[in-house]
Amino acid sequence: MKRLFGVLIVAGIAMAGCKKKEGEAGGGSGSGSGSAIVVGSGSGSGAAPVADGPKCPAGNLLVDAACKPVITPAQVAAVAQQQTRLDDLAKLLDQASTIAAPLELLSAITQLDEWKKLSAASDKLKVVEDVVVVLGEAVKQLHALQAGLKDGAARLGNIKGELDTILKDTGAAKKIEDVRATVTKEVHAAIDSLSHEAVATIQKVILPVKTQLEDVSDLVIGACAISKLQGGSDQLKTLCGKAKEVFTTANAFLKDFEKRPAEMIASLTTQLEGQLGELIDTQEKALMVAAQQAVNDALKLPAVGSGSGSGSGSGSAAEAPGSGSAH
């Protein structure tokens, strides 16, 4: 009996030991499971802000990971104003047909036998054929400028849309670096193309056509008068009858247009740099100054200096909201 009682005691102790080990193992597993849930929960809550981005008030950008007001209604309005200026100038160039009209007239006149005889007798009249070539290049260039203006207006429309969205959006804020890259890309595309076309227009249209068209109009009208006295053909009389009106209209167009390409570039570079400020990178600002200088060189104007549009733009940029954070 005693022996049986001893066996039972030993068995009880062994079972108690097994239960204790099972309890320890179960407790460890439960603790590990709980820890995994905590870590998983923490990881999930941390990923959401990264995916969605910090929320900022409308008009704010992330500058050094902090929300800062950068975009203003004045910036959107300034870009919209420049876009309208480009659109208006493009519409004005619908009147470029006034330059094509003298080209068509002179081309027709110089093909007539009567004109060829007059031209052979006067070296001065031979210049008319040279003017025909100049006018042909001028018409092509005006069309190229018009295409550049339309493209530039579309680029500014993209910038306006980007800024307007940020001005109204209260969702996840964008980094200033990302917005600067977008704005700079569009500004560069617009100004690079427009400054090139403005310089070409000055060189191929404004400078040569203005003086030559005035001179050739006097020559043609004078030659027409001589031909009339000599009993010229009806075809020549018809063409000569149109000459005065055609040349007068073309000269009036050039007088109104001649300053517009240079004014367009000056206004565009000054206002965009002045209003957008830190949203345009430093390299692009230097290119904007170079674009303005290229136009000045074409017109033989003074170099861009501290008192120029570029200097004014830089001053305005310093006053733009949040500009201090860019440095």
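Thresholds, definitions, all that
- Residues numbered from 1 in each chain as written.
- Predicted model: local features only at pLDDT ≥ 70, side-chain atom pairs only at ≥ 80, totals over all residues.
- Heavy atoms only, no water.
- Helix = DSSP H or I, 4+ residues; strand = E, 2+ residues; numbered from the N terminus.
- Buried < 20%, exposed > 50% of the residue type's maximum accessible area, 1.4 Å probe, protein only.
- Contact = heavy atoms within 4.5 Å.
- Axes fitted to C-alpha atoms, helices over the stretch in contact; angles between N-to-C directions.
- Parallel < 35°, antiparallel > 145°, perpendicular 65-115°, else oblique.
- Left-handed = near helix turned anticlockwise from the far one by under 90°.
- Nonpolar A, V, L, I, M, F, W, Y, C, P; charged D, E, K, R; others polar.
- Disulfide = S-S within 2.5 Å.
- Expected span 1.5 Å × (residues − 1).
- Salt bridge = Lys/Arg side-chain N within 4 Å of Asp/Glu carboxyl O.
- pLDDT = per-residue confidence, 0-100.

### Regarding the overall build of the protein chain
No. 1: Assigned secondary structure in the protein chain consists of ten helices and two strands.
No. 2: Taking all 327 residues of the protein chain together, the buried fraction comes to 40%.
No. 3: Of the contacts made within the protein chain by residues no fewer than 6 positions apart, 83% connect residues no fewer than 24 positions apart.

### Quick look at the packing of helix 3 (residues 97-110) against helix 5 (residues 127-168)
No. 1: One way to put it is that helix 3 packs onto helix 5 with a least axis distance of 9 Å and a crossing angle of 150 degrees. When the interaxial angle is binned, helix 3 and helix 5 end up roughly antiparallel. The two elements helix 3 and helix 5 meet at a crossing, and its hand is left-handed. Residue-level inspection shows Ile99, Ala100, Pro102, Leu103, Leu106, Ser107 and Thr110 of helix 3 in contact with helix 5, the latter providing Val128, Glu129, Val131, Val132, Leu135, Gly136, Ala138, Val139 and Leu142.
No. 2: Split by residue class, the contact of helix 3 with helix 5 holds twelve nonpolar, three polar and one charged.

### Considerations on the state of the cysteines
No. 1: Following the criterion strictly, the structure yields two disulfides and no others.
No. 2: Here cysteine 224 engages in a disulfide with cysteine 240; their sulfurs sit 1.9 Å apart. Judged by the torsion about the S-S bond (-75 degrees), the cysteine 224/cysteine 240 disulfide is left-handed. Residue cysteine 224 is found in helix 6 (residues 176-229), and its partner cysteine 240 is found in helix 7 (residues 234-257); the two are separated by 16 residues along the sequence.
No. 3: On the accessibility criterion, cysteine 224 (10% relative accessible area) is buried.
No. 4: With its bonded cysteines labelled in order along the sequence, the protein chain shows the pairing 1-2, 3-4.

### Examining helix 3
In an α-helix, one turn spans 3.6 residues, which is why side chains three or four residues apart end up on the same side.
No. 1: A rise of 1.5 Å per residue sets the reference length of helix 3, with its 14 residues, at 20 Å; its end C-alpha atoms lie 20 Å apart and thus fit the reference within 8%.
No. 2: Each element contacted by the buried residues of helix 3 is listed here: helix 4 (113-121), helix 5, helix 6 and helix 7.

### Side note on the pattern of salt bridges
No. 1: Within the structure shown, the criterion is met by six salt bridges.
No. 2: Between lysine 168 and aspartate 164 there is a salt bridge, and its shortest N-O distance comes to 3.1 Å. Separated by four residues within a single helix, lysine 168 and aspartate 164 lie in helix 5, roughly one turn from each other.
No. 3: What makes lysine 168 exposed here is its relative accessible area of 61%.
No. 4: Aspartate 164 sits in the partly exposed class, given a relative accessible area of 24%.
No. 5: Here the residues in one salt-bridge network are Asp151, Arg155 and Glu186, joined through shared partners.

### With respect to the side chain of glutamine 141
No. 1: Position of glutamine 141 relative to the elements: it lies in helix 5.
No. 2: Among residues more than four places away in sequence, those in contact with glutamine 141 are Glu197, Ala200, Thr201, Lys204 and Val205.

### Things to note about the confidence of the model for the protein chain
No. 1: Averaged over every residue, the pLDDT of the protein chain is 79; residues scoring 70 or more account for 76%.
No. 2: Across residues 1-51, where pLDDT falls below 50, the model places two contacts with residues more than four positions away in sequence or in other chains.
No. 3: Note that residues 306-327 has pLDDT below 50 and, in this model, 33 contacts with residues that lie over four places away or in other chains.

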